[in-house]
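Inside the fold
One letter stands for each residue in the lines below.
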Amino acid sequence: GTVGANKNSIAIIGEKTALNAQGYFVYDSKKSGAITVSHLRFGPKEIRSSYLVRTASFVACHQAFLLEKIDVLETAATGATFLLNSPWAPGEVWDNLPLEVQRQIVSKKLKVWTIDAWKVANETGMGSRINTIMQTCFFAISGVLPREQAIAAIKNSIQETYGKKGEAVVAKNFEAVDRTLENLFEVKTAGREAKGQPM
């Protein structure tokens, strides 16, 4: 579902802003349960080809265990925003991050946000589907669109995508969007030292 949500995000940005937008997706061959990396590019200049993002101003990790398997923050630019879906309370996130991730956050001066998207999905009847929740986080944090406009665009996209499945499915997705913002927290990193979990 993440790729579908990211394609929706690109469509929203392309339709609701003056920015040019492009999505480029790298899949594992197994698909289900495998790693998928989405490269979303947008800006005022024309995008002439499909590119991997080499320097990112926004990096999201939808599954915290990946921090111990791959270098999620490798492409994060200095001062970039890092969004993490994690099971930890906001005050516990820092101490649960791998040491190398902490070092990158400190050295690159990253802004860190967290949400327990699994909890929000469970509480709103979404099961294991966190794509809409993480999409809402992206728009809430990134500032690509004013927050209210972004939420309205996401809900319109939900209606178009899931309307045929019935109002109950649409309502669950709407509730997940609404509950996302109250469960999204910034992790204070100022003055932190890297002394986390060894990888």
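Computed from a predicted structure; not experimentally measured. The residue numbering used here restarts from 1 in each chain and proceeds along that chain's sequence as written. For a predicted model such as this one, the threshold for reporting local features is a pLDDT of at least 70, and the threshold for listing and counting side-chain atom pairs is 80 or more; totals across whole chains, interfaces and linings nevertheless cover every residue. Side-chain numbers here rest on the full set of heavy atoms in the structure, without hydrogens or water.

**Remarks on the packing of helix α6 (residues 147–162) against helix α7 (residues 167–182)**
Only the stretch in contact is used when a helix axis is fitted, and all axes are lines through C-alpha atoms; the angle between N-to-C directions ranges over 0 to 180 degrees. Strands here mean DSSP runs of E at least two residues long; helices mean DSSP runs of H or I at least four residues long; both are numbered from the N terminus. Axis separation between α6 and α7 bottoms out at 9 Å; the angle between their running directions is 160 degrees. The angle between α6 and α7 places the two elements in the roughly antiparallel class. Where α6 crosses over α7, the handedness of that crossing is right-handed. Residue-level contacts link R147, I151, I154, K155, I158, Q159 and Y162 of α6 to E167, V169, V170, N173, F174, V177, D178 and L181 of α7. Here the residues of the contact of α6 with α7 sort into nine nonpolar, two polar and four charged. Should an angle fall under 35 degrees it is called roughly parallel, over 145 degrees roughly antiparallel, and 65 to 115 degrees roughly perpendicular, with every other angle called oblique. The crossing is said to be left-handed when, going from far helix to near helix, the turn is anticlockwise and less than a right angle, and right-handed when the turn is clockwise. We call two residues in contact when some of their heavy atoms are within 4.5 Å. Throughout, the ten residues Ala, Val, Leu, Ile, Met, Phe, Trp, Tyr, Cys and Pro are labelled nonpolar, Asp, Glu, Lys and Arg are labelled charged, and all others, Gly among them, are labelled polar.

**Some details on the nonpolar core**
Definition used in this section: a nonpolar core is a set of buried Ala, Val, Leu, Ile, Met, Phe, Trp, Tyr and Cys residues joined via side-chain atoms within 4.5 Å. Buried means the residue's accessible area, taken with a 1.4 Å probe over protein chains only, is under 20% of the maximum for its type, while exposed means over 50%, and partly exposed covers the values in between. Grouped together as the largest cluster of nonpolar side chains are 21 residues, with contacts concentrated most on L67, V72, L73, F82, L84, L97 and I105. Broken down by element, this core gets its largest block of residues, four residues, from strand β4 (residues 76–85). Discounting chain neighbours no more than four positions away, the residues touching F82 are V59, C61, L67, V72, L73, I105, L110, K111, V112 and W113. A117, M126, I130 and A140 belong to the second largest nonpolar core, which has 14 residues in total.

**Some remarks on unusual backbone geometry**
Phi is positive for K109, which is not a glycine, with a value near 55 degrees. For K109, the location among the structural elements is in the loop between α3 (99–108) and β5 (111–115). The exposed category is assigned to K109, whose relative accessible area is 59%.

**Concerning α7**
With 16 residues, α7 ought to run about 22 Å at 1.5 Å a step, and its terminal C-alpha atoms sit 24 Å apart, in line with that. Three or more residues of α7 are buried, namely V170, N173, A176, V177 and T180. Viewed end-on, α7 has its buried residues packed into an arc of 120 degrees, placing them on one side of the element. For α7, the exposed residues set more than 90 degrees away from the buried face come down to E167, A168 and E182. Helix span, as expected, comes to 1.5 Å for every residue beyond the first. Working definition: the arc comes from the directions between the helix axis and the C-beta atoms, pointing outward to the latter.

**Remarks on the confidence of the model for the chain**
Overall, the prediction assigns the chain a mean pLDDT of 84, with 77% of residues at 70 or greater. pLDDT: the predictor's confidence for each residue, scored from 0 to 100. When mean pLDDT is taken per element in the chain, β5 scores highest with 97 and strand β1 (residues 20–27) scores lowest with 65.

**Digging into the pattern of salt bridges**
The working definition used for a salt bridge is a side-chain nitrogen of Lys or Arg within 4 Å of a carboxyl oxygen of Asp or Glu. Across all of its chains, the model carries six salt bridges by this definition. The partner of E123 in a salt bridge is K119, with the nearest N and O atoms 3.9 Å apart. Of this pair, E123 and K119 both sit in helix α4 (residues 117–123), separated by four residues, roughly a single helical turn. The class of E123 is partly exposed, set by a relative accessible area of 39%. The network of salt bridges with common partners includes K119, E123, E175, R179 and E182.

**Let's talk about the layout of surface pockets**
Cavities and pockets were defined on a 1 Å grid built over protein atoms only: a cavity is a set of grid points that admits a 1.4 Å probe from which the probe cannot escape, a pocket is an open set flanked by protein on both sides within 12 Å along at least five of seven lines, and lining residues are those with an atom within 4 Å of any such point. Grid points are joined across faces, edges and corners, and a volume is the space filled by probe spheres set on the points. In this structure, the second largest pocket spans a volume of roughly 200 Å³. Lining the second largest pocket are G125, M126, R129, N131, Y162, K165, V169, K172 and N173. The element contributing the most residues to the lining of the second largest pocket is α7, with three residues. Considering only residue class, the lining of the second largest pocket consists of three nonpolar, three polar and three charged.

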